Amino acid sequence: MADLGIIRCRWLRPYFSVVALRCVRHDPEHATQALLDVLKRSLADQAESATAVLADGIEKSAGAAGLLVNGFIYRRESSPSWATTAAPSLVDLEHALVLTLRYKDLLVVHCDDTQKRYIRRWLRKNGATPFSIVESEVLQRAFCEGETRALWLRGTHARRTTRPDAKALNGQRLQDALSPLEDSSFVYSSARTAPSWGAPGGPRTGNIGVTPKDGLIWSRASRDFEDFIAMAGDVLRRLDEVSGPSATARAPFPILATEVHSLSGVRGAYDLSTITPGELVEGQRDEVTVEAAALLERATFQVHGRPDSAGFSMDVGLDGVLCGSIQAAVGQARNGGVSIKFGFDPSRAPTSLPETRRILDALHDSQGLIRIYFDSGHVIDGHSVYRRETRNAPFRGWQFDDFTGYDITREKPADSPVRIHAMTGEPGDDSLFSWVARQYSSGWLTCDDGPGEIADFVHVDEDGTLSLIHVKSAKSTAKRREIAVAAYEVVAGQAAKNLAYLDVDRLLRRLESPPIKKPATWEYGTRVADRREMLIALASRHQRDRCRVVIVQPHVTRTAIQKPSHRLALLETLLNTIGGGITALGAEFTVTVSDE
């Protein structure tokens, strides 16, 4: 195709999707030209594509709305992503538009996802760039003040089967629909609102979306270039309006987790999760990021935190097979965010260097895909630190018991299901399973440990009370052991997952098909051969008899619960969240801990 010269306005009606930048050094006019030059040079870095600039600059009438506009059009030729080197010579042809629109020291850049990603990497890696992404707080003040019509949420809790990793909500006014218990462990990544600022009747953008962390703003397809310019003008003037020193900071969604700007107090990393390809939003879906997300989704991470800092190490693997060890140094970045430097653990040679290298490279290139969880209640999400909102509502279901004579760090007496059922409660067994067998000595008790278990134990008392009992060992026997939220997350999730078995008919059908031939069963403390009498007692219960869900996890002590702390607030928030679903089904919820 021949050189097109300069861009004509009548050619254009782009979708409104931009990155918002602020000029922080040098003259804005020269800084903008420098950015355009950088983006043109970046085309040469696209090794798998052939690129050429077809039109450079834009006719003067483009600045009629009071904005300074510039840009270029380029062509990209590449092989289809699905084609191998053995495929015939096939070429995908794409034409892309880059536009810069400036108002005072503010700039919005319209470009494709690949260029947006390049801009963000260029700003992060080069401390001397004349621009920075507009601050998250400014973007929130500007575009999260109206009725929220859509929210994209990501969890700051550890991944488990009973809670979603992410949520996408749609509605008329979602800030009123968020739940203090269900949603307090989520942070919003993107929002779409119906704002009231701008021209009479609202801004010309209409509903507007924003991803504050990445500086992304998007709205709709423009009718023509004049319409696009009008939307850009509304957005830039709004950013300028809320950028002044008198602008007040506020949390647009106070129920959700909030961002903090210091690593002080961040310690005890215990888990790492990654964003899946399906969670990537507008501006993140370039090919490199999608491939990194797909690789990290297959990876395994066993995180080992430090009690006095945010740094950590982890054993890593692919497809469930460990292949090496990686270290992570966590520090404060120059822009106020977080910088994580990953490297090989020099004390441990990888068992598979190529696979460990692939994971390390994906972590290097895609820090924005990573979430790291800390016992201190913080989460590092990409380049930001968040602190979960905790509610000062005490958990009312604590039950304190004596575990003297039992090893609270030993959950079961053996490893195999057959031996577990045979040995539980027998002489010499000091496991927590044995504690349950002796503690629940009235009525009927059966162990259900094994594949597809309902709970570790099911108990029917002589008064008809049904209890589903979930057991988890403590992490330590130390008298002054600290509260560990992670110690309760898995077992609480298991308890919530099997609430359907509070329905007696379903429970009976399940208990009639035990995971092993001879499940451990007791009647009034005496071991019996089968569950026959227990099933009769269960079927004889009255519909209004009590139901209980019980967690036995003695890591927490009475002494620790009597000392208010952030960890305790996090734990009680978790238990209240799980308890809300249990009590909604008419059951009671108790957590048995150590009376020390």
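Draft legend 1. Looking closely at the sheet that holds strand β27 (residues 526-528). The sheet built from eight strands is open, its strands ordered β22-β29-β28-β25-β24-β23-β26-β27 with mixed pairing. The sheet is open, and its two borders are formed by β22 (398-401) and β27, each paired with just one other strand. Shown here is a sheet whose adjacent strand axes are inclined to one another by a mean of 25°, direction ignored. Note: strand β28 (residues 547-557) against strand β29 (residues 588-594), six bridges, orientation parallel. By the bridge assignment for β29, Val549 is matched with Phe589. Against the sheet, helix α8 (residues 432-439) makes contact with β22, β23 (444-447), β24 (457-460), β25 (466-471), β26 (521-523), β28 and β29, and its axis sits at roughly 160° relative to β25, the strand it touches most.

Draft legend 2. Focus on the state of the cysteines. Counted under the stated rule, the structure contains zero disulfides. Cys9 carries a free sulfur, and the closest cysteine sulfur to it, the one in Cys111, is 19 Å from it.

Draft legend 3. How the structure looks around the packing of helix α1 (residues 28-42) against helix α2 (residues 113-125). The contact between α1 and α2 brings their axes to 11 Å, and the two run at 115°. In terms of crossing hand, the pair formed by α1 and α2 is right-handed. Along the contact surface, α1 presents Leu35, Val38, Leu39 and Ser42, while α2 presents Gln115, Tyr118, Ile119 and Trp122.

Draft legend 4. Examining unusual backbone geometry more closely. We note that His26 has phi near 70°; this positive angle belongs to a residue other than glycine. Take His26: it is sitting in the loop between β2 (15-23) and α1. For His26, a relative accessible area of 60% translates into the label exposed. With a phi close to 55°, Lys104 is a non-glycine residue in the positive phi region. Relative to the helices and strands, Lys104 resides in the loop between β5 (92-103) and β6 (106-110).

Draft legend 5. The pattern of salt bridges, seen in detail. One pass over the structure, following the stated rule, counts 27 salt bridges. Two residues, Glu135 and Arg22, come together in a salt bridge whose shortest N-O distance is 3.2 Å. Here Glu135 is found in the loop between β7 (131-133) and α3 (136-143), whereas its partner Arg22 is found in strand β2, with 113 residues between them in sequence. Glu135 gets classed as partly exposed once you look at its relative accessible area, which sits at 33%. Its salt-bridge partner being Glu77, residue Arg75 comes within 3.3 Å of it at the nearest N-O pair. Residue classification places Arg75 among the buried positions, given a relative accessible area of 16%.

Draft legend 6. Local environment of the packing of aromatic side chains. Inspection of every chain in the model, using the stated rule, returns 11 aromatic pairs. Measuring from centroid to centroid gives 5.2 Å for Phe395 and Trp398, while their planes differ by 85°, and the two rings are edge-to-face. Across the pair, exposure class does not vary: Phe395 and Trp398 are buried alike. Counting every residue linked through ring pairs, the aromatic cluster contains Phe16, Phe225 and Phe228.

Draft legend 7. How the structure looks around the nonpolar core. With 46 residues, the main nonpolar core has Leu101, Phe143, Ile217, Phe225 and Leu239 as its most contacted residues. Of all the elements, helix α4 (residues 225-241) adds the most residues to this core, at eight residues. With residues near it in sequence (within four places) discarded, Ile217 still touches Phe16, Ser17, Val18, Ala20, Leu139, Phe143, Ile208, Gly209, Val235 and Leu239. By size, the runner-up hydrophobic cluster in this structure holds 44 residues, among which are Leu507, Leu535, Leu568 and Leu575.

Draft legend 8. Focus on the environment of Leu4. Within the secondary structure, Leu4 is located in the segment before β1 (5-7). With 251 residues separating them along the chain, Leu4 and Ile255 place their C-alpha atoms 52 Å apart. If we skip the residues at most four places from it in the chain, Leu4 touches Trp11, Leu54 and Ala55.

Draft legend 9. Up close: the pairing of strand β4 (residues 68-78). Counting buried positions along β4 gives eight out of 11 residues, so the element sits mostly inside the fold. Here strand β3 (residues 49-58) pairs with β4 via seven bridges, running antiparallel. The residue of β4 that forms the bridge with Asp56 is Phe72.

Draft legend 10. Broad picture of α3. Counting buried residues in α3 gives seven out of eight residues, a clear majority hidden from the surface. Within α3 the residues assigned to the buried category are Ser136, Val138, Leu139, Gln140, Arg141, Ala142 and Phe143. Here the buried face of α3 lies against β2, β10 (186-194), β11 (208-211), β12 (216-221), α4 and β13 (258-260).

Draft legend 11. Representation of the packing of α3 against α4. Between α3 and α4, the least distance of the axes is 9 Å, while the angle of their chain directions is 115°. Crossing of α3 against α4: the hand is right-handed. The residues of α4 that touch α3, namely those facing Val138, Leu139, Arg141, Ala142 and Phe143, are Val235, Arg238 and Leu239.

Rules behind the numbers
Residues numbered from 1 in each chain as written. Predicted model: local features only at pLDDT ≥ 70, side-chain atom pairs only at ≥ 80, totals over all residues. Heavy atoms only, no water. Pairing = 2+ DSSP bridges. Helix = DSSP H or I, 4+ residues; strand = E, 2+ residues; numbered from the N terminus. Axes fitted to C-alpha atoms, helices over the stretch in contact; angles between N-to-C directions. Contact = heavy atoms within 4.5 Å. Disulfide = S-S within 2.5 Å. Left-handed = near helix turned anticlockwise from the far one by under 90°. Buried < 20%, exposed > 50% of the residue type's maximum accessible area, 1.4 Å probe, protein only. Salt bridge = Lys/Arg side-chain N within 4 Å of Asp/Glu carboxyl O. Phe/Tyr/Trp six-rings, centres within 6.5 Å; stacked < 30°, edge-to-face > 60°. Core = buried A, V, L, I, M, F, W, Y, C linked by side-chain atoms within 4.5 Å.

It is worth stressing that arrangement in space is one thing and function is another; only the former is reported here.
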